[in-house]
Amino acid sequence: WEYWKLELTGLCVDKCPQGVSLDEPELFGGPDYPVPNDFGSGQNAFSTDDVSGYRYTFRTREVLSRCLPLTNAWNAGQKRLCIVPNCTDPQLAPLGSLVQCHSIGSRPEARGTWEVCGTPLNSSQCNAQKVACKYEVLMDSRDIFKPEGYTAESDKYTGKLAA
């Protein structure tokens, strides 16, 4: 890894970013970035119009007055999934609507799973599901937010910095 070829962007911020807000994403830099009136002169004159704006998706950590990336992954929760018996198995008929086939985005071929003790079940309904399920797995999910213009290469190098 030729880290000396890495081109970093430097902006002063009040505090290091903690991931992108999905309600009100913060713009770093841009036309509101404070630039002294006397910064540069003549051909070297510099204005806020020259400062690019960035929305940063990574949570960061302050190290030596620099914000270094940690991760852009957020815990999306866990689900208990039953895989034996299959959600369409006739032996589950007595449970009726308590067994709903569950689709998994990352495993579209897996069409027979069903959630065990999800919401809004009461304890007796949850117990009935536990008894009926012979083999369950825990699905641990993460949501990853990537900026517009994301590339696999930028992810690779940001990950190296985050490590």
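In case you missed it, the structure is sitting above this.
Along every chain, residues carry numbers that run from 1 in the direction the sequence is written. With the structure being a predicted model, the display of local features is reserved for residues of pLDDT at least 70 and the display and counting of side-chain atom pairs for 80 or more, all residues being used for whole-chain, interface and lining totals. The basis for the side-chain values is all heavy atoms of the structure; hydrogens and waters are excluded.

1. What about the overall build of the protein?
Okay, step 1: By definition, any uninterrupted DSSP run of H or I lasting at least four residues is a helix, any uninterrupted run of E lasting at least two residues is a strand, and each is numbered from the N terminus. Helix and strand counts for the protein come out as two helices and seven strands.
Okay, step 2: Scanning the protein from its N terminus toward the C terminus, one meets helices and strands in the order β-β-β-β-β-β-α-β-α.
Okay, step 3: A total of 163 residues make up the protein; the buried ones form 21% of that total.
Okay, step 4: Contacts are assigned to residue pairs that have any heavy atoms within 4.5 Å of one another. Residue pairs at least 24 apart in sequence account for 63% of intrachain contacts in the protein once pairs closer than 6 positions are excluded.
Okay, step 5: To be clear on the numbers: accessible area is Shrake-Rupley with a 1.4 Å probe, and residue cover counts the displayed protein chains and nothing else. Working note: accessible area of the protein is about 12100 Å², and carbon and sulfur atoms make up 50% of it. Each residue is assigned to one of three classes by its accessible area relative to the maximum for its type, calculated with a 1.4 Å probe on protein chains only: buried under 20%, partly exposed between the two thresholds, exposed over 50%.

2. Focus: the environment of T158
Okay, step 1: Relative to the assigned elements, T158 resides in helix 2 (residues 152–162).
Okay, step 2: Considering only alpha carbons, one finds T158 and P69, 89 residues apart in sequence, at a separation of 7.0 Å.
Okay, step 3: When residues no more than four places from it in sequence are discounted, the contact partners of T158 are Y56, F58 and P69.

3. With respect to unusual backbone geometry
Okay, step 1: Cis peptide bonds are those with omega within 30 degrees of zero, and the linkage from V84 to P85 qualifies with 0 degrees.
Okay, step 2: Secondary-structure assignment places P85 in the loop between strand 5 (73–84) and strand 6 (114–115).
Okay, step 3: If you check the backbone angles, S65 has positive phi at about 65 degrees while not being a glycine.
Okay, step 4: Positionally, S65 belongs in the loop between strand 3 (59–63) and strand 4 (66–71).
Okay, step 5: Exposure remark for S65: the relative accessible area of 60% places this residue in the exposed category.
Okay, step 6: Located in the positive-phi region is C117, a residue other than glycine, with phi close to 60 degrees.

Any functional reading would require information that these geometric values do not contain.
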